[in-house]
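# Remarks on the overall topology
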Number of protein chains: 2
Amino acid sequence: MGKYVYYFGSGQTEGKADMKNLLGGKGANLAEMANLNVPVPPGFTITTESSVEYYGHGETLWDELKNEVMGNLEKLEKSMGIKFGDNNNPLLVSVRSGARVSMPGMMDTILNLGLNDDAVKGMADITSNPRLAYDSYRRFIQMFSDVAMGVDGSLFEHALESIKKKNGYKIDTELTVEDLKKLVEEYKAIYKKEQGQEFPQDPMEQLWAAIEAVFKSWNTKRAVHYRKLHGIPDTWGTAVNVQAMVFGNMGDDSATGVCFTRDPATGENVFFGEYLINAQGEDVVAGIRTPQPINKSKKKNENEISLEEAMPKAYAQLVEIYKRLEKHYRDMQDLEFTIQKGTLFMLQTRTGKRTAQAAVKIAVDMVDEGLISKEEAVLRVAPDQLDQLLHPMIDPDAEMNVIAAGLPASPGAAVGKVVFDAEHAFEEAEKGEDVILVRMETSPEDIKGMAAANGILTVRGGMTSHAAVVARGMGKCCVSGAEAINLSYQKKAFEVNGTTVKEGEWITLNGSTGEVMLGKVPTMDPVLAGDFGKLMEWADAFRTIGVRTNADTPHDAKVAREFGAQGIGLCRTEHMFFEGDRIRAVREMILSEEESGRRKALAQIEPMQTEDFVGIFEAMEDLPVTIRLLDPPLHEFVPHEKEQQEAMARQMNVSVEKIREKVDQLSEFNPMLGHRGVRLGITFPEIYEMQARAILRAACLVQKKGKKVYPEIMIPLVGTKPEFDIMREMVDRVAQEIFATENVKVGYTVGTMIEIPRACLIADKIAEKAEFFSFGTNDLTQMTFGYSRDDAGKFLKEYVDKKILPRDPFQALDQEGVGEMVEIGIERGRKERPELKIGICGEHGGEPSSVEFCHRAGMNYVSCSPYRVPVARLAAAHAALKEKK
Amino acid sequence: MGKYVYYFGSGQTEGKADMKNLLGGKGANLAEMANLNVPVPPGFTITTESSVEYYGHGETLWDELKNEVMGNLEKLEKSMGIKFGDNNNPLLVSVRSGARVSMPGMMDTILNLGLNDDAVKGMADITSNPRLAYDSYRRFIQMFSDVAMGVDGSLFEHALESIKKKNGYKIDTELTVEDLKKLVEEYKAIYKKEQGQEFPQDPMEQLWAAIEAVFKSWNTKRAVHYRKLHGIPDTWGTAVNVQAMVFGNMGDDSATGVCFTRDPATGENVFFGEYLINAQGEDVVAGIRTPQPINKSKKKNENEISLEEAMPKAYAQLVEIYKRLEKHYRDMQDLEFTIQKGTLFMLQTRTGKRTAQAAVKIAVDMVDEGLISKEEAVLRVAPDQLDQLLHPMIDPDAEMNVIAAGLPASPGAAVGKVVFDAEHAFEEAEKGEDVILVRMETSPEDIKGMAAANGILTVRGGMTSHAAVVARGMGKCCVSGAEAINLSYQKKAFEVNGTTVKEGEWITLNGSTGEVMLGKVPTMDPVLAGDFGKLMEWADAFRTIGVRTNADTPHDAKVAREFGAQGIGLCRTEHMFFEGDRIRAVREMILSEEESGRRKALAQIEPMQTEDFVGIFEAMEDLPVTIRLLDPPLHEFVPHEKEQQEAMARQMNVSVEKIREKVDQLSEFNPMLGHRGVRLGITFPEIYEMQARAILRAACLVQKKGKKVYPEIMIPLVGTKPEFDIMREMVDRVAQEIFATENVKVGYTVGTMIEIPRACLIADKIAEKAEFFSFGTNDLTQMTFGYSRDDAGKFLKEYVDKKILPRDPFQALDQEGVGEMVEIGIERGRKERPELKIGICGEHGGEPSSVEFCHRAGMNYVSCSPYRVPVARLAAAHAALKEKK
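Attention in this report is confined to the structure presented alongside it. (Residues numbered from 1 in each chain as written. Chains lettered and ligands numbered in written order. Predicted model: local features only at pLDDT ≥ 70, side-chain atom pairs only at ≥ 80, totals over all residues. Heavy atoms only, no water.)

## As for the overall build of chain A
Helix and strand counts for chain A stand at 34 helices and 31 strands. Within the span of chain A, comprising 885 residues, buried residues form 59% of the whole. Approximately 34300 Å² of chain A is accessible, and the part contributed by carbon and sulfur atoms is 49%. (Helix = DSSP H or I, 4+ residues; strand = E, 2+ residues; numbered from the N terminus. Buried < 20%, exposed > 50% of the residue type's maximum accessible area, 1.4 Å probe, protein only. Areas by Shrake-Rupley, 256 points an atom, 1.4 Å probe, with all protein chains shown as cover.)

## Regarding the relation of the copies chain B and chain A
For the match of chain B to chain A, the screw axis carries a shift of 0.1 Å, the RMSD comes to 0.3 Å, and the turn is 180°. A rotation of that kind, with that shift, is consistent with a two-fold axis. Relative to the rotation axis, the C-alpha of B:Asn670 is the closest in chain B, positioned 2.2 Å from it. Both copies share a contact surface, since 100% of the interface residues of chain B are interface residues in chain A too. (Least-squares fit on C-alpha atoms with pLDDT ≥ 70 in both. Contact = heavy atoms within 4.5 Å.)

## Describing the pattern of salt bridges
Taken as a whole and assessed by the stated rule, the structure comprises 135 salt bridges over all chains. Close ionic contact of A:Glu712 with A:Lys837 constitutes a salt bridge, the shortest N to O distance being 2.6 Å. You can see A:Glu712 sitting in strand E27 (residues 710-715) and its partner A:Lys837 sitting in strand E30 (residues 837-840), a full 125 residues away along the chain. B:Glu742 is paired through a salt bridge with B:Arg697; the nearest N and O atoms lie 3.1 Å apart. Here B:Arg697 lies in helix H26 (residues 685-704) and B:Glu742 lies in helix H27 (residues 721-742), a separation of 45 residues in the sequence. By relative accessible area, B:Glu742 is classed as buried at 14%. (Salt bridge = Lys/Arg side-chain N within 4 Å of Asp/Glu carboxyl O.)

## Considering helix H20 (residues 554-562) of chain B
All names here are of chain B. Taken as a whole, H20 has its buried residues at Asp556, Ala557, Val559 and Ala560. Summarising the axial view, the buried residues of H20 lie within an arc of 160°, below the 170-degree limit, and thus occupy one face. H20 presents His555 and Glu562 as exposed residues on the side facing more than 90 degrees away from its buried surface. Residues of H20 that are buried make contact with helix H18 (466-474), strand E24 (546-550), strand E25 (568-572), helix H22 (595-619) and helix H34 (869-884). Positioned one or two residues after H20, Gly564 has a phi angle of 100°, which is positive. (Arc of directions from axis to C-beta.)

## Side note on unusual backbone geometry
With the exception of glycine, the majority of residues adopt a negative phi angle, and the majority of peptide bonds are in the trans configuration. Residues and elements named next belong to chain B. Even without glycine at this site, Asn37 takes up a positive phi of about 65°. Counting through the fold element by element, Asn37 comes out in the loop between helix H1 (20-35) and strand E2 (43-46). Here Asn37 falls in the exposed class, since its relative accessible area comes to 66%. Within the chain, Leu717 stands out as a residue other than glycine whose phi angle is a positive 65°. Position of Leu717 relative to the elements: it lies in the loop between strand E27 (710-715) and H27.

## Digging into the interface of chain B and chain A
It is common to report an interface's size as the accessible area lost on association of the parts. Each partner contributes to the interface: chain B provides 52 residues, whereas chain A provides 52 residues. Carbon and sulfur atoms make up 56% of the surface buried where chain B meets chain A, a total of about 4800 Å² over both sides. If you sort the residues of chain B by the area they bury against chain A, B:Phe669, B:Leu673 and B:Arg758 come out on top, with a joint share of 15%. At the surface where chain B touches chain A, the tally comes to eight salt bridges. Between B:Glu820 and A:Arg828 there is a salt bridge, with the nearest N and O atoms lying 2.6 Å from each other. Counting across the chain B and chain A interface gives 34 residue pairs in polar contact (both at pLDDT 80 or more). When residues of the side of chain B that touches chain A are traced back to their parent elements, those giving at least two are helix H24 (656-666), helix H25 (678-683), H27, helix H28 (757-761), helix H30 (777-785), helix H31 (793-801) and helix H32 (818-832) of chain B. (Buried area = accessible area lost by both parts, 1.4 Å probe. Polar contact = N/O pair within 3.5 Å; in protein donor to acceptor, adjacent residues only side chain to side chain.)

## Notes on the sheet that holds strand E17 (residues 477-480) of chain A
Residue and element names in this part refer to chain A. Read from one edge to the other, the open sheet built from eight strands follows the order E12-E22-E21-E14-E15-E16-E17-E13, with strand pairing classed as mixed. Looking at strand neighbours, the two that pair on one side only are strand E12 (402-405) and strand E13 (407-410), the edges of this open sheet. The average undirected angle you get between the axes of adjacent strands in this sheet is 30°. Examined bridge by bridge, strand E16 (residues 455-458) and E17 share three bridges and lie parallel to one another. (Pairing = 2+ DSSP bridges. Axes fitted to C-alpha atoms, helices over the stretch in contact; angles between N-to-C directions.)

## Here's the deal with the pairing of E25(B)
Residues and elements named next belong to chain B. Along E25, five of the five residues are buried, which leaves the element largely enclosed by surrounding structure. When E24 meets E25, the two strands line up parallel, connected through two bridges. Along E25, the bridge assignment pairs Thr549 with Ile568.

## What to know about the pairing of strand E16 (residues 455-458) of chain B
Walk down a regular strand and you will see the side chains alternate between the two sheet faces. Residues and elements named next belong to chain B. Alternating positions in E16 separate into two faces, Gly455 and Leu457 on one and Ile456 and Thr458 on the other, with burial throughout. Pairing of strand E15 (residues 435-439) with E16, which is carried by four bridges, proceeds in the parallel orientation. Of the residues in E16, the one forming a bridge with Arg439 is Thr458.

## Let's talk about the environment of A:Arg733
Here A:Arg733 shows up in helix H27 (residues 721-742). Between the alpha carbons of A:Arg733 and A:Lys188 there is a distance of 91 Å; along the sequence they are 545 residues apart.

## Regarding the packing of aromatic side chains
Counted by the stated rule, this structure contains 38 aromatic pairs over all chains. Judged by centre distance (6.4 Å) and plane angle (50°), the rings of A:Phe271 and A:Tyr315 are tilted. Separated by 44 residues along the polypeptide, A:Phe271 in the loop between strand E6 (255-260) and strand E7 (272-277) and A:Tyr315 in helix H12 (residues 312-329) bring together distant segments of the chain. Judged by its relative accessible area of 5%, A:Phe271 is buried. An aromatic cluster of three or more residues is present, and its members are A:Phe140, A:Phe144, A:Tyr191 and A:Phe199. Of note, B:Lys3 hangs over the ring of B:Tyr6, and the distance from its end group to the ring centre comes to 4.8 Å. (Phe/Tyr/Trp six-rings, centres within 6.5 Å; stacked < 30°, edge-to-face > 60°. Lys NZ or Arg CZ within 6 Å of the ring centre and 35° of its normal.)

## Comments concerning the packing of helix H3 (residues 63-80) of chain A against helix H8 (residues 203-217) of chain A
Residues and elements named next belong to chain A. Two elements in contact, H3 and H8, have axes separated by 12 Å at closest approach and are oriented at 120°. In terms of axis orientation, H3 runs oblique to H8. With respect to the hand of their crossing, H3 and H8 are arranged in right-handed fashion. Between H3 and H8, the residues in contact are Leu65, Lys66, Val69, Met70 and Leu73 and Met204, Leu207, Trp208, Ile211 and Phe215, respectively. Partitioned by chemical class, the residues of the contact of H3 with H8 number nine nonpolar, no polar and one charged. (Parallel < 35°, antiparallel > 145°, perpendicular 65-115°, else oblique. Left-handed = near helix turned anticlockwise from the far one by under 90°. Nonpolar A, V, L, I, M, F, W, Y, C, P; charged D, E, K, R; others polar.)

## Describing the sheet that holds E6(A)
All names here are of chain A. An order of E8-E7-E6-E9-E10 is seen for the five strands of this open sheet, with the pairing classed as antiparallel. A single partner strand is all that each edge strand has here, and the edge strands are strand E8 (292-293) and strand E10 (343-351). As defined by bridge partners, E7 adjoins E8 across two bridges and the pair is classed as antiparallel. Bridge pairing in E8 places Glu274 opposite Pro293. Across the sheet, H12 lies against E6, strand E9 (333-340) and E10, angled at about 25° from E10, the strand it touches most.

## A short note on a negative patch on the surface
Residues and elements named next belong to chain A. Residues Asp421, Glu423, Glu427, Glu430, Glu641 and Glu643 make up a contiguous surface patch of negative charge. The leading source of residues in the negative patch is helix H16 (residues 422-430), at three residues. Relative to the assigned elements, Glu427 resides in helix H16. By relative accessible area, which is 39% here, Glu427 ends up partly exposed. (Patch = residues over 30% accessible without salt bridge, like charges linked within 9 Å, V, L, I, M, F, W, Y side chains within 5 Å. Lys, Arg positive; Asp, Glu negative; His and termini not counted. Charge placed at Lys NZ, Arg CZ, Asp CG, Glu CD.)

## Here we look at the state of the cysteines
Simply put, disulfide is the name for a covalent bond between the sulfur atoms of two cysteines. As enumerated under the stated definition, the model contains zero disulfides over all chains in all. Free of any disulfide, A:Cys571 has its nearest cysteine sulfur in A:Cys841, 11 Å distant. Note on B:Cys760: no disulfide assigned, nearest cysteine sulfur contributed by B:Cys841 at a separation of 13 Å. Residue B:Cys760 is classed as buried on the basis of its relative accessible area of 0%. (Disulfide = S-S within 2.5 Å.)

## Considering helix H30 (residues 777-785) of chain A
All names here are of chain A. For H30, the tally of buried residues reaches nine of nine residues, placing the bulk of the element in the interior. Burial in H30 covers these residues: Thr777, Asn778, Asp779, Leu780, Thr781, Gln782, Met783, Thr784 and Phe785. Just past H30, the residue Gly786 takes up positive phi, approximately 70°.

Fair warning: the whole summary comes from geometry, so function is off the table for now.
Below, the structure is given as structure tokens:
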């Protein structure tokens, strides 16, 4: 089965950086550092393949592997000049896991392996440092017991605490050698009690157990969960790194630390890190002693002592090494080091994690420094990260009282007073109050209140519920589906986990995490640096797919244009039926039993809707605007609550019974699959006709002002060829009428939203008359899966947890199923009409993996909410660059 | 453009029977009769293609056509020895339409064409029968004006009536020659007033106008509507038959009549028909004089005079001809004849329409007579017709007061007292009352009441609404979606078109037409003749696809078995959660927040459900039984009305708030796309586990009794591979446990319902572990189209009317869209697992065109409600025989 173990260090290194898949990230980088003559304690790496094979061997180590480990151990002994298991001068090793990609906190580490009751004495003698020896032994027993054997770590913590308490110590370093010896005995007793046998004294037995523990840690619940979250295949496995120990705790000439080659928070090109004198690595992480800054310039006060001052020689060497490593790896590095009696050892180098802001700055800086190409810079920033840059954020240092958690439906942070009804939210906001609109769910009637509120919280609904979709469109913070909340409109209060929040009380939402906090939590507005614009410019140069926006108002259109949108891919028209007095006319229309009555009512709305379109066309001058004709079922325009029905009856001067009857008649079992979209256009052609007239007249008016308009009229929910053909004929007829009246001609196209599985199948037939397709992947996902996006929250989380689905298909396009429907639609549509313009206007248009899919599928553009436009632009560039590779 | 006109008769016939597409049914049969030397008045037929071309010529006659007509007219003049337009001895012609298939009443006829003010005198002289001449002229003016020129026919009727009234006449024949002359003048005056010009005196002008009138009649509203109803393409067109007139009204030696070669009502092999002495054809149809029976044996009393007695010679000739024609056409014929002065002329022969009963008897008799083959016999009976034979029918002679019309949701007739709630329906039925359950819509809670009622009427819902599906399954009459009804549960009454019907009043439903009648309308139970069994036996021998049934109870299973079902294709298990005390346990389960509580509640249901399955397996001994695990969302099991919630709270000893909270929590925006099917199995595995245990234990118990069982466990609503795999693993585990406990092994298979578009796409992956697929085309139609079957009634009718859809896709499988999804599923499934067993269990399984599709698609079986089993068997035979051709 080939080679299981690769040696590194002491001039005999076998691996290198590009062997990450085999050696894991840590192992490959240790080998690479050794190759670069960076001082690394020697050791060897057991391959990731071995950990997978381990499960094939029934979770036991096998002879070939063992033999290779023994051989490499001998090599290590030779290069170190001391022997593993030599009680007089023992070679100690660390055992660490290391998977292909960094999985922080997932895998555990064992240090000081090789110690036993005799070797500890030898170590004490040879180092003349019994404190070090017994402290190392104590730590080893604890780590080995906990990590390798599964003994509850808190038992050891209790023993340590009680000895400290007894002696009145505050910190571990106050422990005397005698204390440590006692502790070793206590730890061994704990081990015996828990495991039913003595603590293993044979170093080889310790080593085998530690190796198996690393292999096994690949399948702990935590690790499996992390992989699921990050889409890491179970088959990758983890490597095991066995490395000679070096000690940062051998006295005041020793130290240990972590550092970043640039500031991971801001991206600034300054060396940045922390260290501790006379400490082992875990002490830095544990936070018992306060670490000190690496360099002088980062000192916060005079009491701090930087490594630069304390150990200038080691510091100079560290600086030389970090620069070399960053240059070599061509990216910001996260380093771990130990200084043993003045000698510097590098224990790890890896690509450093960073904030969105830092990612942008580092990428742009490195291009300026000539370190990386623009392509690389663009690929260095994860599109999803950009979201952080575009919204206000909760101050990370703020104290928070989280009372509930829902879905992170629309990112950002919002602070405001709780309001339970949209009208009231609007009124309060008019008075200048900051409000958060809290609803069971939202409906189009609530739009005005949603727009007025700082943020929206709903008890029900998923990531693509009405509230979520509208909020993202507005770039407004939203937490949806906070199911634990018990909301009573009547009591004007909600209760959650024992806390009651009344109308008018302050809450804070974190739309990026889904958290709901009591009170006002401080937020901060991140600043878009000039680097951001530069990076986006490069991204635009690389991408080949267009990016449009979903925008319903001139304001949204302007915002999106500033974010770089190249047109509107979806302008919904339903909100135009709610504004101001229009809803009255809409309801008049709905109550009319005759077409003539409906036409009369629609005539009142037409001039207003024309004005709306004029505004949008002007905001989008020179760019295409896709306008979707009315989509929602009519029952969304009538009130469902008694009081509102009574108000409507009074206003319209009809009986409440008539209203109730109409509402009943309009109500549907499954509105999602009901009388909406083009089905309305077929049964009430006067509605679509009015909209077509308003759009085309608005286009004429704007063109007369000398501005270029490109209206694209979109028929929603088409599932049969005649539906489209009838509507196309109507639009063409209306266009001729308008052009005659207005005495001007405007170029326009007519297309459809492909959002029904059947439409994908008959795409060729639809394309005979349709000039463009826009895939409505929200609805297409609902119908392809048979999931209602408003209800699926009940089981989708469990589906993702149980790996039935890799991700929520309403967040990331399901490429296997929905994606194939889209591909069928594109293939058939283009077969009939090769020049067919194709886009996507579902929520997926701003999600990176989905954008990549759209690019590969050959779409002309993606369209997303204004605040996702930069994300889509960057994702589109990634897609193009990845394809080029 | 080839040949437009074909001559027939006088030994010069150009057409024949198999030229129906070109000459229309009537024209081809006239030619064929002429070929057979049956006495036919000569004439010619203008092809169907001409009528289509007519529209291409801008609705004008063109020269080539006119020339051919003139040529054939000359030929006709020559063979008759008289001339068209000869005022002394005019040749008169009839002009009739004749499409490819018989379209009764759709096309109008003009007789006596060629008469004018002079020719009428010539005719009077030459026939010495001025009465005949003026009566013919009067009739001609009326028919020409009405049919060719669109003058309102009632104007002529008024004139006729007023002259009769003035003279105190009762019947037309009392009119004197002078009266007729006056009438002619009045008719001409009407024509002039309406048309603004004189009645055309030029026979050629009359002829061209008549021909155009026939062409135009192809596109009258009535004709278009009929074609839509019967799926006849608009492009077929109609032929025009111009034929020399013969007169049945030349005196007492003349007559006219219609007859059938066998009894069209019973199928009995006896000559059957009616005639009138001294009359023209329309007089027989008009019903002014009472027609007399053709043959002596059919005389109802002594006053009647049969043709057999009145004109024995002509009768004998007619008998000889009818026998010859039936033998020639090898099917029962519908004949029209005229006897002119003792000479018999045949005017038409065509395949006679017949009742279902007659169709079966004639087909079987003709096989016995050696006239047709068994294949032909099977093909002679339309599968849809069988439905008539399997349900009680409204007495066709009964008087009815139709107060409303809904959808013909489940065929048959039902009479009963109106009841508005299921519980009450059950109670009344227990007392022996006949009841009709009237609901806004039904839900699973109503099953008991539905089973108890004679029929079901719902205000909402389509052909596949809950009420419709359940009723068809029960073979119970149902009218659904009678939207005009205003129902008030509170007032215990409904109002429709001004009529109010209160609880306890009698109504009658016709589930075959959708009519609702006030009061008790007499019904009749058709008897299944032995011929039926014979025909079905032949059908079974020809078909290659299996026919199973959808049955949920041992009773339904037995009924279906008697109808020839070869197994159960769909046994729904939800009703088992409602019966008796089980619903209490089900609700206990639903209220439990913990798995342990749910398991406890399910344990109460398990033994009862086991008993259910024992009953079904016993009823279906030796045959496969596909059992679907729980499908509906849990909210169907909790009450939604306040009183019932309160009752439940008392019964369960919990607060009403808790119940209401749970109901709210379970409620869904789109239940159809909600938390149901396998999604329940994933989130509450204990439910499916209990069901699997009950099924497998029942199978063991029945097998122990020495009976063969073939359980097929079906997982509903699968859309991803893991959903199925997880459930399959659970079933296999449970099976091992049960087999160990019961100490016996039973063969079983596990498969899935393919009802989600995504499942079709990933059918190969699902088939890795699934042993069978059953296409649930109800849901697949809903999702492929995005139509909710409970709501689509709002627009589907209009969609069919506007030809957007050829038929309601919930009635006949949409082969273009849903059909392709099915084909994709079959192809991919069989690619992975060639032996995959595939069936259909949607409502389409009993609809003939859908059965044919399933046959072509290569399914192993169709499954339908018990009462549709014979329909499916026959349709399957048709499919196989058509394919063989």
